[in-house]
Amino acid sequence: MNILNTDIQSTEDFNLIGYLSSEEYKSYLDIEVPFFQYQDFFAQGLKVTLNNKSSNRDSRLVINKTIYKNSNLGSFLLGSKRNENILSINAKLNSLIRGGDEFNLNFNIEKLNKSKNIFYLTESSIFFNNENWKLKESENEPIIFDYAYNSIEVSDFKISSGVSEVEIKGFYKGSDDFDVILDIKNTNMNQLFKQNENFKTNGLFNSSWEIKRTPKDNSIKGYINSPEVSINKVLVGEFNLNIAGNTLLNSYSIDWGLIKNNNKTFSGIGNFIFDKTSSKLDLDISFSKFDISFSSPLGKNSISNIHGILDGDLNIWGDFNNLQNTGLINLNKASFSVPYLNVDYALSNNTQLNFYNKVLEFSPTKIIDNISETNANFQAKFSHSNFIDWNMDLFVDSRGILLLNKKETSDALFYGKGFLSGDISMVGPIKNLKLKVNGLTAPGTSIKIPWKNTQEISDISFIKFIDKNTKIKTNKSIDFEPLINEISGLEMFFELDINNDASVEIVVDQSSGSYLSGTGYGSC
């Protein structure tokens, strides 16, 4: 196969069987290729059949397994038959995995003259995002393609799934002469777009778009309206987006917003200028009682139950490769949980988020644990490069905040409560943070370590009994390794003093309640 094209990678030979003749109805050709790769496309079990021996000149391309960029697309078939002046084509993709995307497309091509063909769409189907879309011959007009002028005319192309419908009509005669209309009716967002696991949208919407470029009119206008949109199963309200502009100047106006309970919770109004070398944006964003609880899944397993209400204004402006931000937003009713530590925190109301240059800064505020009602001073600063590469500078000053509240479970290595007096900082790029803890245990700290049944305790040399009134000083340090493999790129530094405010208990026999406990001084 490398002989045909040097970009094709194949280590296996291919089989070619056939007979070529200038006489009609005598030629045929069969090609079999076990495996080949072309750039990001892989094909296994490829077979091409060209049969001019029959009157309909049946031809087929079959691929048993197709893979594109590590995605298993399935088996593919492309077949054609000729009936006088009409060529019938069938293209079919069958997924090899349950619920995978598939299609079965059928159309006829009739040649009107040397340069013009008509495409007649017949009964076809597309299975995408677990939705079955149907293309009905009775609802579609022929598509006319003119090779001489490279033009295409679509009178009416329609595809539907239940009450959902997508319709396209218009013409294209070149990059300076086209008019295309797209209408979408009663369609759910997750029918057309692949969903992000951390950002799942749901809600029916209607949309209409028309884009023109002619000697007299160079315009684009369109809208999207959804009466009720949910993100991650949280209702965010009615969504509206309107865009209008000039396709020749590539200048567009944007007006979008969210309305919930008759209150416009979010709006974005501005302009966008597209240029191949330097596109520009100027967008004014306003928040009014905007609920951010839909963002909880973004925290994955590290942070959950994210809540908060935003009020304020923000402006995003500048070159697309160097966006700036200015604004001031108030954050109220803010809270979040850390499942691994089983703690739940809230921020003081009217916490201010200050946007300037490329920085998001939290004004000094209080972070409060909702379990024991302890608190600490909190401030943070996040900087970014075009809203992509983020850096963090976070500082917490604690005088006894709850940091650990693990419950007893059958597989727990330890459990109990831990309170800290001291400083916590997290600095550096988000992908490579440095966590520093400098402080001492605060009153209420009590850690229990269960002794597993599989362990023997005949050797108790590791336990040292001392007078409880004796103070022990030690400079011995212990290196802590990260306990959670998922937190890659996180360096942790601990300077923690343990005092008599903390108690450690080794549970020897849970059934009888036997345990060893103690307090003391130390550092790690």
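See above for the structure.
Description of the structure in this document. (Residues numbered from 1 in each chain as written. Predicted model: local features only at pLDDT ≥ 70, side-chain atom pairs only at ≥ 80, totals over all residues. Heavy atoms only, no water.)

Observations regarding the pattern of salt bridges
Between side chains of opposite charge, pairing is possible as soon as their charged atoms come close. We apply this condition: Throughout this description, the term salt bridge denotes a Lys or Arg side-chain nitrogen within 4 Å of a carboxyl oxygen of Asp or Glu. In this description a helix means any DSSP run of H or I spanning at least four residues, a strand means any run of E spanning at least two, and both kinds are numbered starting from the N terminus. Think of it in three bands: with a 1.4 Å probe and only protein chains considered, a residue is buried below 20% of the maximum accessible area for its type, exposed above 50%, and partly exposed in between.
Within this structure, the stated rule accounts for six salt bridges. One salt bridge in this structure joins K47 and E32, with 3.8 Å as the shortest N-O distance. Here K47, found in strand β4 (residues 41-51), pairs with E32, found in strand β3 (residues 28-38); they are 15 residues apart in sequence, far enough to count as distant. The class of E32 is partly exposed, set by a relative accessible area of 37%. Across the pair E167 and K169 runs a salt bridge whose closest N-O atoms are separated by 3.7 Å.

What to know about unusual backbone geometry
Of note in the backbone geometry, K69 takes a positive phi value of approximately 50° without being a glycine. Among the secondary structure elements, K69 is positioned in the loop between β5 (59-68) and β6 (71-83). At N357, a residue that is not glycine, the phi angle is positive and equals roughly 50°. Of note, N357 is situated in the loop between β26 (351-356) and β27 (359-369).

A look at the pairing of strand β13 (residues 151-161)
Every regular strand shows the same layout, with side chains that alternate between the two sheet faces. Note the following rule: For two strands to be treated as a pair, DSSP must find at least two bridges joining them.
One ladder, built from four bridges, connects strand β12 (residues 143-146) with β13; its direction is antiparallel. Among the inter-strand pairings, F145 is bridged to a residue of β13, identified as I152. Following β12, the chain reverses through four residues before pairing antiparallel with β13; N150 in that reversal takes a positive phi of roughly 50°. Where β13 lies against strand β14 (residues 164-172), eight bridges are found, and the strand directions are antiparallel. In the sheet register, I152 faces β14, and the bridge partner there is Y172. Linking β13 back to β14 in an antiparallel pair, the connection comprises two residues, with G162 at a positive phi of about 65°.

Considerations on the nonpolar core
Our working definition: In these notes, a set of buried Ala, Val, Leu, Ile, Met, Phe, Trp, Tyr and Cys residues joined through side-chain atoms within 4.5 Å is what counts as a nonpolar core. By the convention used here, residues are in contact when the closest approach between their heavy atoms is within 4.5 Å.
Ranked by size, the top nonpolar core spans 60 residues in total, and within it F290, L310, F362 and F378 carry the most contacts. The contact partners of F290, leaving out residues within four places of it in the chain, are L258, T265, F266, G308, I309 and L310. V33, F36, A43 and I63 belong to the second largest nonpolar core, which has six residues in total.

What about the side chain of S27?
Tracing the backbone shows S27 in the loop between β2 (15-19) and β3. By relative accessible area, S27 is classed as buried at 11%. When sequence neighbours within four positions are dropped, the list of residues in contact with S27 reads Y19, L20, S21, L50, N51, N52 and K53.

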